[in-house]
Amino acid sequence: MDIEQFRKAGHQAIDRICDFNYSVEKMDVVSSVEPGYLRKALPSEPPEQGEDFSKIADDYQQLIVPGLTQWQHPSFFAYFPAACTFEGVLGDLYASSVTNPGFNWSSSPACTELEAIMTDWAAKLLGLDKAFLNSNETGGGVVQTSASDSVLTATVAARSLYSKLHPDVSQDKLLFYTTSQTHSVGAKAALILGIKVRSLEVNLSDNFGLRGETLRNALEEDIRAGLHPFIIVATIGTTSSGAIDHLNEICVVAQEYSLWMHVDAAWAGVTLSCPENREICHLSFVNRYVQSFCVNFHKWGLVNFDASILWVRNREYLTDALDVTPPFLRTAQSDAGTVIDYRNWHLGLGRRFRSLKFWFVLRSYGVEGFRQHIRKGIELNKLFSSWVSSSTLVELATSPSFGLTVLRMKAPKHPTASQDFLTRKLFECLSARKDIMVTQTVLQGIFCIRFAFGAERTEERHIVAAFNLLCDEARKVNEEFKI
Ligand code: PLP
C-alpha cells in the first residue's frame, strides 16, 4: 500500500468506524456466530499473491464485525466496561503510525517523557500522594498492559527487596497473600513466580472486604510455621462484588510486619477522580502506606485498551529487580542517570506508545468531563440498585458498589426450588438473549448476577429497559417453578 492508497483506505476506515458508531445501539450485544465460524470462512493458508485492500476491508465488515461482542453497546453490562473513546482511537492510530518501541529514553524521548508526565497527570487526577509522581524522582508511574502485569511486576520487585534484606530465606518459604475475593491476577503472579500463595477469608458481614485482624492472625500463624509472608494484594473494588478491603486496618498491620502492600484498583480506581469517593476507598491510607498501586483506565476510565497504570512509591525497587543491561542497551543518558528507561519498570523490553491516548483523552475531557463520566455511571447504578431493592422478584446480594449491582432471585416462601437454582435459571434466560449481556459470580456459595454500568453510551433509558427485561425473565422463572 502506498501513501495515497493509505489515504483512501484510511478515509474509508474512519467513515466505517463512524457508521458503526451510529448503528451499534441497533446491533445485538451478543454475537450469534458459532465456535469455529471463522476457520470455515477463511482460507487455511496466507494468499500467495497480495490482495487488493478494499477486498480485505470488506471482509473485515462481513466476517469480523458479526463475530464481535459489542462491548460499546449501551446494554452491555457484563464484566466491567471497556473504554473506547474517539480520542483514544486517534491516540492509538497516531501511535501506531510511528511505532516507537520506547524501551529507553533515547529510543524515543517523546514516548518516555509523555508517559512520565501522563502518569503524573493521572496520579493527580486520582488524588495520589506526590510520593507516586515521576517528578519527585523517587516514586513514579508506568503504563502496563494489564493489572495482571502490574501485580506480577510488583511481586518481582517485592521478592527482590525481601531477598536482599533476608538473603538466607529460600524461595520455597516465601508467602504471597490474597483474599478469597482477589482477582485471579494474584494467584497467577504467584503461579508464574513459583511462590506459595494463601487466600485469606472475607465475609458478607464485612461486605467482603479483608479485615486487619484476619491478616494479623494469618501472619502470626504463618510466621510460627516458618514461612515468610512478603506481599499482600489488596483490592479497591473487587470484580465479584465491588468490595473494598479495609485498608485503614490492613495497611497498619502490613507495615508492622514489613509486608509489601500492592493495591489492585483496576476497576474502581478511577472513581478516586471524584473527591467524594476518596474516603470510602481509604485513599489517605494508600497515600501513606501502599508500595504499589494499579488502575486500569481502559475499563471505566475512557482510555482505550491497553491503559493500565502501575504507580510505585520507590522506583529503585523496580529497577533493582528488573534492570538487566547488556552493552547494546547502554546509552549516554542512562549512564548519566538523568532519564527514565521504562524497560526497567516492566517485564518486556519494547513497549507501545500508550501515553499518547492518555494525553488525548485527558485533555479533551478535562478533569471535569472525566468526573462527569464517572458520576454518571455511579448515578445509573444507584437508580438501578434502588429498583432492585424494592423489587418483589429479585434482591441485592450485597451492597451496590460504585457502578456495580450484584443481585439474585428472592428466596421463595414455599420453596419448590432453591434461591441459588432460581438465580441460575434467571441467568440462563438472560444469557439466551442477544439484546443484553451480563455475567455471573458466586458469593458465599450463592450464584449471583452482576450488572456493571459505566459504558459511555449507557443512559437512563437503557437501564430502565434492562430492569424491565430482568423482571420479565424473573417472572417467567417463577412461573415455570410455580413460585
Ligand atoms: N483486578 C480487578 C479488580 C479486575 O476487575 C480485573 C478485571 O476485570 C483485573 C484485576 C484484571 O485486569 P487485567 O485484565 O488488566 O489483568
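Residues numbered from 1 in each chain as written. Predicted model: local features only at pLDDT ≥ 70, side-chain atom pairs only at ≥ 80, totals over all residues.

Enquirer: Account for the UniProt feature "modified residue: N6-(pyridoxal phosphate)lysine" (unreviewed entry) in the protein, with residues named and values stated.
Expert: Those places that UniProt annotates as "modified residue: N6-(pyridoxal phosphate)lysine" (unreviewed entry) correspond, in this numbering, to Lys299. Checked against the element boundaries, Lys299 lands in the loop between β6 (292-296) and β7 (308-312). Among residues more than four places away in sequence, those in contact with Lys299 are Phe80, Pro81, Ala82, Ala83, Ala266 and Trp267. (UniProt positions renumbered as here; feature names shortened; annotations may be inferred. Helix = DSSP H or I, 4+ residues; strand = E, 2+ residues; numbered from the N terminus. Contact = placed C-beta atoms within 7 Å.)

Enquirer: So what's going on with the nonpolar core? Residues and values would help.
Expert: Formed by 123 residues in total, the largest nonpolar core has its most connected members in Phe77, Ile231, Ile232 and Met261. A total of 11 residues in this core trace back to one element, the largest contributor, which is helix α13 (residues 355-389). Of the domains in this structure, domain 2 (100-352) and domain 3 (362-480) are the two that each give at least three residues to this core. Excluding residues within four positions of it along the chain, Phe77 makes contact with Ile436, Met437, Val438, Phe451, Ala452, Phe453 and Ala466. (Core = buried A, V, L, I, M, F, W, Y, C linked by C-beta atoms within 7 Å. Buried ≥ 20, exposed ≤ 12 C-beta atoms within 10 Å, placed from the backbone. Domains from an automatic or database assignment.)

Enquirer: Kindly report on the domain arrangement of the protein, identifying the contributing residues and their values.
Expert: On domain assignment, one finds that the protein holds domain 1 (3-68), domain 2 (100-352) and domain 3 (362-480). Look at where the C-alpha atoms of domain 2 and domain 3 centre, and you get two points 31 Å apart. Among the residues forming the side of domain 2 that touches domain 3, the class breakdown is 10 nonpolar, seven polar and no charged. (Nonpolar A, V, L, I, M, F, W, Y, C, P; charged D, E, K, R; others polar.)

Enquirer: So, the pairing of strand β3 (residues 196-200): which residues are in play, and what are the values?
Expert: One ladder, built from five bridges, connects strand β2 (residues 174-179) with β3; its direction is parallel. Paired with Tyr177 across the bridge in β3 is Arg198. Running through helix α7 (residues 185-193), the crossover from β2 to the neighbouring parallel element β3 is right-handed. (Pairing = 2+ DSSP bridges. Right-handed = clockwise from strand over helix to strand, strands pointing away.)

Enquirer: Please set out the pairing of strand β9 (residues 404-409) residue by residue, giving values where relevant.
Expert: Counting buried positions along β9 gives six out of six residues, so the element sits mostly inside the fold. Relative to β9, strand β8 (residues 394-396) is paired through three bridges, and the arrangement is antiparallel. Following the sheet pairing, Val394 is matched in β9 by Met409. Two elements, β9 and strand β11 (residues 446-452), share four bridges in a ladder whose sense is antiparallel. Looking at the pairing, Val406 lines up with Arg450 of β11.

Enquirer: Go over the sheet that holds strand β5 (residues 260-264), please, and point to the residues and values.
Expert: In spatial order, the strands read β1-β7-β6-β5-β4-β2-β3; together these seven strands make up an open sheet with mixed pairing. What marks the edges here is a single partner per strand, and that holds for β1 (140-144) and β3. Within the sheet, the average angular offset between the axes of one strand and its neighbour, ignoring direction, is 20°. Judged from the five bridges that link them, strand β4 (residues 228-235) and β5 form a sheet pairing that is parallel. Residue pairing across strands places Ala234 opposite Val263, the latter belonging to β5. Set on the sheet, helix α8 (residues 212-224) makes contact with β2, β3 and β4; between it and β3 the angle comes to about 145°. (Axes fitted to C-alpha atoms, helices over the stretch in contact; angles between N-to-C directions.)

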